[in-house]
Amino acid sequence: MQNHPSAILGQVLAKYPASGGALFQVYNDLTLAQRWSDVQVLDLTACGRAAIKGKRPTTDTDQGPSTCVVVPCSLSESISTSWLRAAFTSLEPSGTEIYVAITTEDTSTVYYKISQGIVKPPV
């Protein structure tokens, strides 16, 4: 039972019950469906929720897995630029991009890549 998500997420689910459903759903998607490795749960106190950090597998054999941070939220929540700024500040100095995972009641999850500042899109 140590590997069950409720055992791993227990503390942050109790601390942030309003965002617990989205966190649980995204954690299961990343670990079970997308097969992320080295998954950690991060406490983003400034945002009033937890984030998930892990290594995303790649199909490119020349590169290893890339480390990404995902901040889950539900479709019914409002996201502001100050909320995103707080997330980036909480995660410094680790990166300049995060993924916001938006969940719905039917268990659909959509991931949006958010970059800090102005970033030229890849060609």
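Conventions and cut-offs
- Residues numbered from 1 in each chain as written.
- Predicted model: local features only at pLDDT ≥ 70, side-chain atom pairs only at ≥ 80, totals over all residues.
- Heavy atoms only, no water.
- Helix = DSSP H or I, 4+ residues; strand = E, 2+ residues; numbered from the N terminus.
- Buried < 20%, exposed > 50% of the residue type's maximum accessible area, 1.4 Å probe, protein only.
- Contact = heavy atoms within 4.5 Å.
- Areas by Shrake-Rupley, 256 points an atom, 1.4 Å probe, with all protein chains shown as cover.
- Pairing = 2+ DSSP bridges.
- Axes fitted to C-alpha atoms, helices over the stretch in contact; angles between N-to-C directions.
- Core = buried A, V, L, I, M, F, W, Y, C linked by side-chain atoms within 4.5 Å.

1. Brief notes about the overall build of the protein
Within the protein one finds three helices and five strands. Ordered by position in the sequence, the α and β elements of the protein form the string α-α-β-β-β-α-β-β. Relative to its full complement of 123 residues, the protein shows a buried share of 33%. Nonlocal contacts in the protein, meaning residues at least 24 apart in sequence, comprise 42% of its contacts between residues at least 6 apart. Surface summary for the protein: the accessible area is close to 7800 Å², and the carbon and sulfur share equals 54%.

2. Let's talk about the sheet that holds strand β4 (residues 97-103)
Strand order in the open sheet formed by five strands is β1-β2-β3-β4-β5, with mixed pairing between adjacent strands. Edge positions in the open sheet fall to β1 (37-44) and β5 (109-115), since each of these has one partner strand only. Sheet twist, expressed as the mean angle between neighbouring strand axes with direction ignored, is 30 degrees. Examined bridge by bridge, β1 and strand β2 (residues 49-56) share six bridges and lie antiparallel to one another. Within β2, the position partnered with Ser-37 by the bridge is Lys-55.

3. Here we look at the nonpolar core
Leu-44, Cys-47, Val-71, Ile-98 and Val-100 are the most contacted members of the largest nonpolar core, which totals 15 residues. Where this core is concerned, the elements lending two or more residues are β3 (66-74), α3 (81-91) and β4. In terms of residues, this core owes the most to one element, α3, which gives six residues. Once residues lying within four places of it in the same chain are set aside, the contact partners of Ile-98 are Val-69, Val-71, Leu-84, Ala-87, Phe-88, Leu-91, Tyr-112, Lys-113 and Ile-114. Counting 14 residues, the second largest nonpolar core, distinct from the first, contains Leu-9, Tyr-27, Ile-52 and Cys-68.

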